[in-house]
Amino acid sequence: LRRRVAAGLGSLHARPAAALLAGFLIGDVRELPAADHEALRRTGLTHFVAVSGSNVALFLAAWWVAMGPLGWTPRLRAFLGLVGLALFVIVTRWEPSVVRAATMAALVLVGRIGGVPIGGWAAFGGAVTLLLVASGELAFDAGFQLSAAATAGVMAGAGLWSDRRPRWAWAALGATASAQVAVAPLLLVHFGTVPL
């Protein structure tokens, strides 16, 4: 599947958009020009070509649309979601940020199958704990650290200004600002700079 996606994007090879799309879909940035990669790094936008939580969410949404006729019940839909998550993790080659996001989503889906609702913080804590127990070296992986810190920041910041209107705008601002604050120390340690 990974080769098919790459081959399909190969027809757009001359376009920089194809390299960006390959990064977004499967985390492959080999064809991204060095100048574009540096521009993304300097502006703090490299997460757009790093497969992570948003990609998992988009994939699951598309997966459920494609599997729609098969997902008659919520439990069956959750089971199909687990199958889709496993496929996505394999296609993206076990990127630490994808594994973190997929594990969080899997815990929520397993909770649905078992009839036990699992909230965001429980899924986050469970996923990070499970992954670090299974593979302790993830604690030293910059991608895993940034993914976990950004996720915690988003969840903590989304409700910061929930009393202000329009609520969606303030929630987005709070989540974005908190994620940036959460990853800033890690960016300084790993890359020596915090892009504004």
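Everything here concerns the structure above.
Here the residue numbers are simple positions, counted from 1 along each chain's written sequence. Per-residue local features of the predicted model are confined to residues with pLDDT of at least 70, and side-chain atom pairs are confined, for both listing and counting, to 80 or more; whole-chain, interface and lining totals are unaffected and use all residues. Values shown for side chains rest on all heavy atoms present in the structure; no hydrogens or waters enter the calculation.

### Things to note about the overall build of the protein
And step 1. Helix and strand counts for the protein stand at nine helices and zero strands.
And step 2. Secondary structure elements are defined from DSSP: runs of H or I of at least 4 residues count as helices, runs of E of at least 2 residues count as strands, and each element is numbered from the N terminus. For the protein, the α and β elements follow one another from N to C terminus as α-α-α-α-α-α-α-α-α.
And step 3. Within the span of the protein, comprising 196 residues, buried residues form 34% of the whole.
And step 4. We call two residues contacting when some pair of their heavy atoms lies within 4.5 Å. When contacts within the protein are restricted to residue pairs at least 6 apart in sequence, those whose partners lie at least 24 apart make up 55%.
And step 5. With the model as given, the accessible surface of the protein reaches about 11,600 Å², and the carbon-plus-sulfur share is 70%. Summary of the burial criterion: residues with accessible area below 20% of their type's maximum are buried, those above 50% are exposed, and those between are partly exposed, where the area comes from a 1.4 Å probe applied to protein chains only. Surface accessibility follows the Shrake-Rupley procedure with a 1.4 Å probe radius. Residue values consider only the protein chains on display as shielding.

### Describing the packing of helix 8 (residues 142–157) against helix 9 (residues 167–191)
And step 1. Under this scheme, a helix contributes an axis fitted over its contacting stretch, all axes are lines through C-alpha atoms, and angles between N-to-C directions fall in the 0 to 180 degree range. Viewed as axis vectors pointing N to C, helix 8 and helix 9 meet at an angle of 155°, and their least axial separation amounts to 7 Å. Taken together, the axis directions place helix 8 and helix 9 in an arrangement best described as roughly antiparallel. At the point where helix 8 passes helix 9, the crossing takes the right-handed sense. Facing helix 8, whose interface residues are Ala142, Gln145, Leu146, Ala149, Ala150, Gly153, Val154 and Gly157, helix 9 presents Ala171, Gly174, Ala175, Ser178, Ala179, Ala182, Val183, Leu186, Leu187, His190 and Phe191.
And step 2. When residues are grouped by polarity, Ala, Val, Leu, Ile, Met, Phe, Trp, Tyr, Cys and Pro land in nonpolar, Asp, Glu, Lys and Arg in charged, and all others, Gly among them, in polar. When grouped by side-chain class, the residues that make up the contact of helix 8 with helix 9 number 13 nonpolar, six polar and no charged. Note on terminology: angles under 35 degrees are roughly parallel, angles over 145 are roughly antiparallel, angles of 65 to 115 are roughly perpendicular, and the others are oblique. Left-handed describes a crossing in which the near helix is turned anticlockwise from the far one by less than a right angle; the clockwise case is right-handed.

### Side note on the nonpolar core
And step 1. For our purposes a nonpolar core is just a set of buried Ala, Val, Leu, Ile, Met, Phe, Trp, Tyr and Cys residues, chained together by side-chain atoms within 4.5 Å. Counting residues in hydrophobic clusters, the biggest one holds 25 residues, and the most contacted among them are Val56 and Leu85.
And step 2. At the level of elements, helix 4 (53–66), helix 5 (74–91), helix 6 (96–114), helix 7 (120–134) and helix 8 are the ones that each hand at least two residues to this core.
And step 3. With eight residues, the top contributor of residues to this core is helix 6.
And step 4. One finds Leu146, Val183, Leu186 and Leu187 within the second-largest nonpolar core, a separate group that totals five residues.

### A closer look at the packing of aromatic side chains
And step 1. Pairing of aromatic rings covers Phe, Tyr and Trp, the last through its six-membered ring, and needs centres within 6.5 Å; plane angles under 30 degrees mean stacked, over 60 mean edge-to-face, and all others mean tilted. Tallied over the full model, the rule gives four aromatic pairs.
And step 2. Ring centres of Phe59 and Trp63 lie 5.7 Å apart, and the angle between their planes is 25°; this geometry places the pair in the stacked category. Placement of both Phe59 and Trp63 in helix 4 is noted, with a separation of four residues, approximately one turn of the helix. The same class applies to Phe59 and to Trp63, which are both buried.

### Concerning the packing of helix 4 against helix 5
Packed helices, taken two at a time, are described by the angle their axes make and the gap between the axes.
And step 1. It is at 10 Å that the axes of helix 4 and helix 5 come closest, and there the two elements cross at 130°. Between helix 4 and helix 5, the crossing angle belongs to the class labelled oblique. In the packing of helix 4 onto helix 5, the handedness of the crossing is right-handed. Each of Asn55, Val56, Phe59, Leu60, Trp63 and Trp64 in helix 4 lies in contact with helix 5, whose residues at this interface are Arg77, Leu80, Gly81, Val83, Gly84, Leu85, Leu87 and Phe88.
And step 2. Grouping the constituent residues of the contact of helix 4 with helix 5 by class yields ten nonpolar, three polar and one charged.

### A word on helix 7
And step 1. If you check helix 7, its first and last C-alpha atoms are 21 Å apart, about what 15 residues at 1.5 Å a residue would give, namely 21 Å.
And step 2. What helix 7 keeps buried is the set Ala123, Phe124, Ala127, Val128 and Leu131. Buried residues in helix 7, looked at end-on, bunch into an arc of 120°, giving them a common side.
And step 3. In this structure, the buried side of helix 7 is in contact with helix 6 and helix 8. Here the expected length of a helix is defined as 1.5 Å per residue gap, with one fewer gap than residues. In this description, one arc is meant: the one made by directions from the helix axis to the C-beta atoms.

### What to know about the side chain of Thr92
And step 1. Looking at the element boundaries, Thr92 is found in the loop between helix 5 and helix 6.
And step 2. Look at Thr92 and you get buried, because its relative accessible area is 0%.
And step 3. Within the local environment of Thr92, its side chain forms a polar contact with the backbone oxygen of Val89, the two atoms lying 3.3 Å apart. Nitrogen and oxygen atoms within 3.5 Å of one another constitute a polar contact, given that in protein one can donate a hydrogen and the other can accept it, and given that sequence-neighbouring residues count only through two side-chain atoms.

### Remarks on unusual backbone geometry
And step 1. The residue after Arg165, namely Pro166, is reached through a cis peptide bond having omega -5°.
And step 2. With respect to the helices and strands, the residue Pro166 is situated in the loop between helix 8 and helix 9.

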